Amino acid sequence: MTSIASVTLEVADPTAAEHFYSAAFGLGHELRLRASEAPTTGFRGFTLSLTVAQPSTVDSLVGSALDAGASAVKPATKSLWGYGGVVRAPDGTLWKIATSAKKDKGPATRQIDRFVLLLGVEDVLASKRFYVGQGLTVGKSFGRKYVEFDTPTSPVTLALYGRRALAKDAGVPPDGTGSHRIALGSDIGPFTDPDGFEWEKESH
């Protein structure tokens, strides 16, 4: 079973980014940071999503991210599917914090149920075929719109979305150039996918 062990963000100042992520979300080893000055502009083609149990936890995590220096992209609001919002970290990464629950069942916590990497791709079906060829198993698939891979032992869930649809969901323009500034650590790889996302062999 393929496992995605970590996501590495390439940032200008890893020390500052580490302080931010510790204060904002308290993520563990699944999020890593390293220095990079690779040029990048606009939408980098991915979002990171934190799925939580209830709206008050969304508000708690969004609040701590804003307090730590993030900027609001989409304020947390109710929608057909639940409740959520999008913030931009100081390093430029877009984070969506969301829940499918419409009501709170208890006090807010800091617990994150799922850490999801959404890749915005030009051709969902082509990228799906590519990843199946690399050994990943499809968990959910909605035609040309969305694919989620089944990696039950992984701390990171991988999903594919059309690039323009993902940018719209995040509340940003879809245009962007240069480096994605992200790498995936896994027990497969190293390779680069059709949209230029880099996978690295996870070093234990």
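Predicted model, so just to flag it, every value in this text is computed and none were measured. (Residues numbered from 1 in each chain as written. Predicted model: local features only at pLDDT ≥ 70, side-chain atom pairs only at ≥ 80, totals over all residues. Heavy atoms only, no water.)

Draft legend 1. Focus on the side chain of Glu10. Examined against the element boundaries, Glu10 turns out to sit in strand β1 (residues 4-11). Note on Glu10: relative accessible area 14%, which makes it buried. Here Arg34 takes part through its side chain, which lies 3.0 Å from a polar atom of the side chain of Glu10. (Helix = DSSP H or I, 4+ residues; strand = E, 2+ residues; numbered from the N terminus. Buried < 20%, exposed > 50% of the residue type's maximum accessible area, 1.4 Å probe, protein only. Polar contact = N/O pair within 3.5 Å; in protein donor to acceptor, adjacent residues only side chain to side chain.)

Draft legend 2. Geometry of the packing of aromatic side chains. In this structure the tally under the stated criterion is 14 aromatic pairs. With 5.0 Å between their ring centres and 45° between their planes, Phe25 and Trp95 make a pair best called tilted. Taken as a pair, Phe25 in the loop between α1 (14-24) and β2 (31-35) and Trp95 in strand β7 (residues 94-99) lie far apart in primary sequence, 70 residues in all. Between Phe130 and Phe191 the ring centres are 5.5 Å apart and the planes differ by 65°, which places this aromatic pair in the edge-to-face class. Of the two residues, Phe130 is situated in helix α3 (residues 124-133) and Phe191 in strand β14 (residues 191-192); the sequence distance between them amounts to 61 residues. (Phe/Tyr/Trp six-rings, centres within 6.5 Å; stacked < 30°, edge-to-face > 60°.)

Draft legend 3. The arrangement of unusual backbone geometry in detail. That bond from Gly189 to Pro190 is cis: its omega, 5°, falls within 30 degrees of zero. Mapped onto the elements of the fold, Pro190 is located in the loop between β13 (182-186) and β14.

Draft legend 4. Here's a closer look at the side chain of Asp91. Positionally, Asp91 belongs in the loop between β6 (83-88) and β7. Nearest to the buried, unbridged Asp91 among oppositely charged side chains is Arg44, at 4.3 Å. (Lys, Arg positive; Asp, Glu negative; His and termini not counted. Salt bridge = Lys/Arg side-chain N within 4 Å of Asp/Glu carboxyl O.)

Draft legend 5. Quick look at the environment of Asp104. Locating Asp104 in the fold gives a position in the loop between β7 and β8 (114-121). Residues Asp104 and Ala53, 51 residues apart in the sequence, show an inter-C-alpha distance of 8.3 Å. Discounting chain neighbours no more than four positions away, the residues touching Asp104 are Gln54, Pro55 and Ser56. Of the polar contacts made by the side chain of Asp104, one reaches the backbone nitrogen of Ser56; its length is 2.8 Å. (Contact = heavy atoms within 4.5 Å.)

Draft legend 6. Summary view of the sheet that holds β2. Judged by pairing direction, the sheet is mixed, and its five strands sit side by side in the order β2-β1-β13-β15-β14 without closing on themselves. At either margin of the open sheet sits one strand with a lone partner, and together these are β2 and β14. Summarising the sheet, β1 and β2 pair through five bridges and their orientation is parallel. Bridged to Val11 within β2 is Ala35. On top of the sheet, α1 reaches β1 and β2; it is set at about 160° to β2, its chief contact. (Pairing = 2+ DSSP bridges. Axes fitted to C-alpha atoms, helices over the stretch in contact; angles between N-to-C directions.)

Draft legend 7. Molecular detail of the nonpolar core. Counting residues in hydrophobic clusters, the biggest one holds 43 residues, and the most contacted among them are Leu9, Phe25, Trp95, Leu117 and Leu158. Look past the residues within four positions of Leu9 in its chain and what remains in contact with it is Tyr21, Leu31, Arg32, Leu33, Arg34, Phe46, Leu48, Asp91, Thr93, Trp95, Arg181 and Ile182. Grouped together as the second largest cluster of nonpolar side chains are twelve residues, Val116, Tyr146, Leu166 and Ala170 included. (Core = buried A, V, L, I, M, F, W, Y, C linked by side-chain atoms within 4.5 Å.)

Draft legend 8. Structural view of helix α4 (residues 163-170). Taken residue by residue, α4 has Arg163, Leu166, Ala167 and Ala170 as its buried positions. Viewed along the axis of α4, the buried residues span an arc of 100°, placing them on a single side of the element. Turned more than 90 degrees off the buried face of α4, the exposed positions are Arg164 and Lys168. Backbone geometry just after α4 places Gly171 at a positive phi near 85°. (Arc of directions from axis to C-beta.)

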